[in-house]
Amino acid sequence: MQDVFFALINESPIDIVKLHNQLERMNTVDIAEAFEDLSDDRVLQVFRILPKNMAADIFSFMTVDNQQALVEALADVEVGRIIDELFVDEVVDLIDEMPANVVKRILQNMTADKRQIVNQFLQYPTDSAGGIMTAEYIELREDYSVREAFEHLRRDDSNEMYNYYVVRRDKLLIGTVSLKTLLLAQQHEKISDLMETNIIYVHTLDDQEHVAAVFKKYGYLFIPVVDSEQRLVGVVTADDVVQIIEDEATEDFERMAGIIPTEDTYLKTSVFEHYKSRIGWLLVLMLSATITGTVIVGFEKTIIALPILMTFIPMLMDTSGNAGCQTSTLIIRSIALGEIQMKDILKALWTEVRVAVLCGLGLSIVNFVRILITSGGNAMVAFTVSLTLFTIILLAKSIACLLPFLASRFRLDPAVLAGPVVTTILDGSSLLIFFTVATLLLL
């Protein structure tokens, strides 16, 4: 359908009726995606042709650049109409992304009631349950009958929910009731007799990763959010959690690669922003790599006496780094998913030690045979390198296992101590072990 859309767009003049009919048949997400390939003037022109019932949905799926261009170009009445139809969490996200002058225009064209709710949401940290929740939910009173509940549902079509929250007059959350339960109940039955009182909820200041973990554990599509006094203030939806998981995974990948996380996508991030996000860790790791040079200088006599040792340095350093990265990746993932906690540190270490012994033995045997074949049968050199290889694998997996736990203990992101940091620590340690063993056994 996008091919037909672009064909109609490129007609001169544009057949407005045909384009309008085509837009009605297209998915709102596909239309928003198609807008990315249009100029700002063309986006404005096509947006005004959109069916009125689709405009706000399409606007919510647009890129930040297209949203900003529209807010700046549309009349106040048009901006107000769009903002009124957006969910509160979508308005909050929009305000977070826009420059000050655009935010001012958005707030000016918002109803007083919605502005009050938006301001309340903006007080919560962006990575908390309060920062990602929406105010569009349906609440029922405990003293409603089923008939009164359905009358209320007919008046409130703010969300496509099948689970409703039961509150007292002070908005204290006391239960939930499903649409299925209401449909099967008698018209005169009270909500207080039908509701479930065992409620799973999160608090406004709970971290978004905790919220995602609750969704995963219970498999819900909606989870209520309460304040410190147990009053219902919003709900978090499954689509918000999908975005959380994507953002957290991206952030962990960036941190594990020694990159400071950025807000924009790769192509929308400027070269200078890319530079700033990378140069810090590169500088730290470059300077820390001088440890490796210091170790080599310290064993200069050993190297002069046995120059063949230099040929094994790349293999030993690469193997230790790879072994450490394998372990740190698995441990960080398990911590992030809640599969292991601080209390499991000894269990995890014991697991990695056993894995290291098996990996170390396998690699050392292969390496011993290879060196015998390629070095003219020098068994002592082969034994020295293989013993070093076994030792550094054991060390690498142990350090890579412990560092993420250490980071969690001090409330740091475990991903910070993965990748380049682990590799740098292990490079110096590997060389120190190698030359120490070589000095003891070969000189």
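Structure's up top.
Residues numbered from 1 in each chain as written. Predicted model: local features only at pLDDT ≥ 70, side-chain atom pairs only at ≥ 80, totals over all residues. Heavy atoms only, no water.

Asker: Would you mind showing me how to read the overall build of the chain here?
Answerer: Regarding its fold elements, the chain presents 23 helices and six strands. Relative to a compact globule of 443 residues, whose C-alpha radius of gyration would be 22 Å, the chain shows 30 Å and is clearly more extended. Reported as C-alpha extents along the three principal axes, the dimensions of the chain are approximately 90 × 65 × 35 Å. Long-range contacts, defined as pairs at least 24 residues apart, comprise 67% of the intrachain contacts of the chain with a sequence gap of at least 6. Summed over all atoms, the accessible surface of the chain reaches about 24,200 Å², with 58% contributed by carbon and sulfur. (Helix = DSSP H or I, 4+ residues; strand = E, 2+ residues; numbered from the N terminus. Rg over C-alpha atoms; globule rule 2.2 N^0.38 Å. Contact = heavy atoms within 4.5 Å. Areas by Shrake-Rupley, 256 points an atom, 1.4 Å probe, with all protein chains shown as cover.)

Asker: What is the right way to look at the pattern of salt bridges in this model?
Answerer: Once the charged atoms of two side chains with opposite charge are near each other, the side chains can pair. Inspection of the entire model under this criterion finds eight salt bridges. For the salt bridge of R231 with D227, the shortest nitrogen-to-oxygen distance reads 2.9 Å. Of the charged contacts, one joins E339 and R333 as a salt bridge, the two residues approaching to 3.7 Å between their closest N and O atoms. On the basis of relative accessible area, E339 is assigned to the partly exposed category, the value being 45%. Taken together, the shared-partner salt bridges in this structure form one network comprising D227, E229 and R231. (Salt bridge = Lys/Arg side-chain N within 4 Å of Asp/Glu carboxyl O. Buried < 20%, exposed > 50% of the residue type's maximum accessible area, 1.4 Å probe, protein only.)

Asker: How should I be thinking about the environment of E352 in this particular structure?
Answerer: Assignment of secondary structure puts E352 in helix α21 (residues 345–374). Each C-alpha atom, one on E352 and one on I399, is 9.9 Å from the other, the two residues being 47 residues apart in sequence. If sequence neighbours within four positions are ignored, E352 has contacts with T327, K397 and C401.

Asker: Even after reading the chapter, I still don't get the nonpolar core, so can you show me in this structure?
Answerer: Most often, soluble globular proteins have nonpolar side chains that are buried together. Counting residues in hydrophobic clusters, the biggest one holds 59 residues, and the most contacted among them are F5, L19, F35, F47, F59 and I106. In contact with F59, not counting residues within four places along its chain, are F47, Q67, L70, V71, I82, L86 and L94. (Core = buried A, V, L, I, M, F, W, Y, C linked by side-chain atoms within 4.5 Å.)

Asker: Sorry if this is basic, but what is going on with the sheet that holds strand β6 (residues 232–237) here?
Answerer: In a beta sheet, neighbouring strands pair by backbone hydrogen bonds and run either parallel or antiparallel. The three strands lie next to each other as β4-β5-β6, forming an open sheet whose pairing is mixed. Bordering the open sheet on either side are β4 (202–203) and β6, each of which pairs with just one other strand. Relative to strand β5 (residues 222–226), β4 runs parallel, the two sharing two bridges. Pairing of V202 across the sheet is with V225, part of β5. (Pairing = 2+ DSSP bridges.)

Asker: Any chance you could explain the environment of A185 here in plain terms?
Answerer: The topology assignment puts A185 in the loop between α13 (179–184) and α14 (191–194). Sequence separation between A185 and V146 is 39 residues, and the spatial gap between their C-alpha atoms is 7.2 Å. In contact with A185, not counting residues within four places along its chain, are V146 and L194.

Asker: Sorry, what's going on with the side chain of T237 here?
Answerer: Relative to the assigned elements, T237 resides in strand β6. Of the polar contacts made by the side chain of T237, one reaches the side chain of D239; its length is 2.2 Å. In this view, T237 contacts T134, F215, L221 and F222; residues no more than four positions away in its chain are not counted. (Polar contact = N/O pair within 3.5 Å; in protein donor to acceptor, adjacent residues only side chain to side chain.)

Asker: What exactly am I supposed to notice about the pairing of β5 here?
Answerer: Counting buried residues in β5 gives five out of five residues, a clear majority hidden from the surface. Judged by which residues are buried, β5 turns out to be covered on both faces: F222, P224 and V226 on one side and I223 and V225 on the other are all buried. Examined bridge by bridge, β5 and β6 share five bridges and lie antiparallel to one another. Residue pairing for β6: F222 is matched across the bridge by T237. Where β5 hands over to β6, the hairpin turn is made up of five residues, of which Q230 adopts a positive phi near 70°.

Asker: Is there a simple way to think about a negative patch on the surface in this case?
Answerer: Together, D30, E33, E36 and D37 make up a negatively charged patch on the protein surface. Examined against the element boundaries, E33 turns out to sit in helix α3 (residues 28–35). A relative accessible area of 43% means that E33 is categorised as partly exposed. (Patch = residues over 30% accessible without salt bridge, like charges linked within 9 Å, V, L, I, M, F, W, Y side chains within 5 Å. Lys, Arg positive; Asp, Glu negative; His and termini not counted. Charge placed at Lys NZ, Arg CZ, Asp CG, Glu CD.)

Asker: What should I look at first to understand the packing of helix α8 (residues 88–97) against helix α10 (residues 112–122) in this one?
Answerer: Two measures define how a pair of helices packs: the angle their axes make with one another and the distance between the axes. Close contact between α8 and α10 brings their axes to 10 Å; oriented N to C, the two are set at 65°. Handedness of the α8/α10 crossing: right-handed. Packed against α8, whose contacting residues are V88, V91, V92, I95 and D96, the element α10 presents K114, I117, V118, F121 and L122 at the interface. When its residues are assigned to classes, the contact of α8 with α10 shows eight nonpolar, no polar and two charged. (Axes fitted to C-alpha atoms, helices over the stretch in contact; angles between N-to-C directions. Left-handed = near helix turned anticlockwise from the far one by under 90°. Nonpolar A, V, L, I, M, F, W, Y, C, P; charged D, E, K, R; others polar.)

Asker: I'm lost on the packing of aromatic side chains in this one. Help?
Answerer: To describe a pair of aromatic rings, one takes the distance between the centres and the angle between the planes. According to the stated counting rule, one finds five aromatic pairs in the structure shown. Between F299 and F435, the aromatic rings sit 5.5 Å apart at their centres with planes inclined by 20°, giving stacked as the arrangement. In this pair, F299 sits in the loop between α18 (290–298) and α19 (300–305) while F435 sits in helix α23 (residues 420–442), placing the two residues 136 residues apart along the sequence. Of the residues examined, F435 reaches a relative accessible area of 0% and is grouped as buried. (Phe/Tyr/Trp six-rings, centres within 6.5 Å; stacked < 30°, edge-to-face > 60°.)

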